[in-house]
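If you want the building blocks of each chain, they are given just below.
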Amino acid sequence: MIGINVYLALIAIATLLSMYRVFRGPTTVDRLVAVDIMTTITAGLMVLFALYYERMIFLDVALVYAILAFGGVIAFARYMEGGL
Amino acid sequence: MNALTALGEVLVLIGTFFYFLSALGLIRMPDVYNRMQTSTKSATLGSLGVIIGVGIWALGTDFGSAAWLTKTVVIAVFLLLTNPISAHALIRAAYKSGIPLWEGSVMDKYREHIEAKAKALEAAESETPEEGGEE
């Protein structure tokens with residue numbers, strides 16, 4: 001067993017790695033894909049933060065964050081398709 | 001450390017590993033379709049591991065209650081349902097906005113589908129006036 005600090009650090013590093021594609025990506029959809037993955041990873045990070053601070057209210061924050069990220073990605077996808 | 005804590009920690013470790021695989025696929029793969037293919041699936045599985053792992057881990061601690069597991073299962077099911085939808089919408093937008101496939105790709109089923117559909121529509125349109133003329 002390694003400990004919760006190590007997991008938090010590893011997930012944060014994974015988020016930073018996906019930031020590389022946000023800055024580098026040649027097309028707009030590349031950046032959108034990277035942002036989608038980054039928000040998914042960040043939702044998991046928020047759930048882990050709830051355990052770290054021993055507060056259950058952070059789980060609600062993670063749920064609302066996931067819902068808003070989903071709506072944003074769908075809106076951007078419709079915009080890229082030209083349907084918005 | 002009891003059994004619930006150990007089980008939750010193992011699940012969180014597996015989820016973290018899959019998060020890493022997803023970020024790696026995002027960096028490594030050659031075009032947007034391959035990137036979406038590798039990273040979305042592993043990010044969904046990693047979220048399931050981390051989120052349900054936290055719920056089980058909290059059950060084993062002294063501050064944890066059953067509400068932790070309930071809320072984490074709600075978040076996990078929501079992510080499991082919405083992640084494929086957003087990936088599908090994004091990749092359809094990428095195809096419709098004309099991003100080319102990687103030169104090593106060997107198959108394009110969506111284009112075959114569109115062409116077959118257009119051909120069927122053309123055939124149907126050319127048949128109808130002939131029938132009308134005969135009558």
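Now for a quick tour of the structure.

So, the overall build of chain B
And step 1. Across its full length, chain B holds four helices and zero strands.
And step 2. Listed N to C, the secondary structure of chain B is α-α-α-α in terms of helices and strands.
And step 3. Over its C-alpha trace chain B gives a radius of gyration of 24 Å, far above what one expects of a compact globule, namely 14 Å for 135 residues.
And step 4. Seen through its C-alpha atoms, chain B measures out along the principal axes to roughly 85 × 35 × 20 Å.
And step 5. When burial is assessed residue by residue, chain B has 36% of its 135 residues classed as buried.
And step 6. Relative to all contacts within chain B whose residues are 6 or more apart in sequence, the contacts with residues 24 or more apart total 66%.
And step 7. Accessible surface computed for chain B: about 7700 Å², of which carbon and sulfur atoms make up 66%.

Examining helix α3 (residues 66-96) of chain B
Residues and elements named next belong to chain B.
And step 1. With 31 residues, α3 should reach 45 Å at 1.5 Å per residue; the first-to-last C-alpha distance of 46 Å fits that figure.
And step 2. Along α3, the sharpest kink reaches roughly 25°, centred on T82 and followed within four residues by the proline P84.
And step 3. In the stretch just after α3, G98 is the one whose phi turns positive, near 85°.

Focus: unusual backbone geometry
When glycine is set aside, most residues are seen to have a negative phi, and most peptide bonds are trans.
And step 1. Positive phi, close to 60°, is recorded for E54(A), a residue that is not glycine.
And step 2. Structurally, E54(A) can be placed in the loop between α2 (28-53) and α3 (57-81).

Looking at the packing of α2(A) against helix α2 (residues 32-60) of chain B
The description of two helices packed together rests on the angle between their axes and the distance between the axes.
And step 1. Close contact between α2(A) and α2(B) brings their axes to 9 Å; oriented N to C, the two are set at 10°. In terms of their interaxial angle, α2(A) and α2(B) are classed as roughly parallel. Contacts between α2(A) and α2(B) involve V29(A), D30(A), V33(A), I37(A), T40(A), G44(A), V47(A), L48(A) and L51(A) on the former and, on the latter, V32(B), R35(B), M36(B), S39(B), T40(B), A43(B), S47(B), V50(B), I51(B), V54(B), W57(B) and A58(B).
And step 2. Taken together, the residues of the contact of α2(A) with α2(B) sort by class into 14 nonpolar, five polar and two charged.

Details of the pattern of salt bridges
And step 1. The final tally for this structure, using the stated rule, is five salt bridges over all chains.
And step 2. The partner of E81(A) in a salt bridge is R78(A), with the nearest N and O atoms 3.8 Å apart. Of this pair, E81(A) and R78(A) both sit in helix α3, three residues apart, roughly one helical turn.
And step 3. By relative accessible area, E81(A) is classed as partly exposed at 21%.
And step 4. Take R78(A): its relative accessible area is 38%, and that puts it in the partly exposed class.
And step 5. Each member of the salt-bridge network shares a partner with another, and the members are R78(A), E81(A), R92(B) and K96(B).

A few points about the environment of A58(B)
And step 1. Residue position: A58(B) is located in helix α2.
And step 2. Residues A58(B) and L69(B), spaced eleven residues apart in sequence, show a C-alpha to C-alpha distance of 7.7 Å.
And step 3. If sequence neighbours within four positions are ignored, A58(B) has contacts with L51(A), G64(B), S65(B) and W68(B).

What counts and what doesn't
Residues numbered from 1 in each chain as written. Chains lettered and ligands numbered in written order. Predicted model: local features only at pLDDT ≥ 70, side-chain atom pairs only at ≥ 80, totals over all residues. Heavy atoms only, no water. Helix = DSSP H or I, 4+ residues; strand = E, 2+ residues; numbered from the N terminus. Rg over C-alpha atoms; globule rule 2.2 N^0.38 Å. Buried < 20%, exposed > 50% of the residue type's maximum accessible area, 1.4 Å probe, protein only. Contact = heavy atoms within 4.5 Å. Areas by Shrake-Rupley, 256 points an atom, 1.4 Å probe, with all protein chains shown as cover. Expected span 1.5 Å × (residues − 1). Bend = angle between axes of the 7 residues up to and from the residue. Axes fitted to C-alpha atoms, helices over the stretch in contact; angles between N-to-C directions. Parallel < 35°, antiparallel > 145°, perpendicular 65-115°, else oblique. Nonpolar A, V, L, I, M, F, W, Y, C, P; charged D, E, K, R; others polar. Salt bridge = Lys/Arg side-chain N within 4 Å of Asp/Glu carboxyl O.

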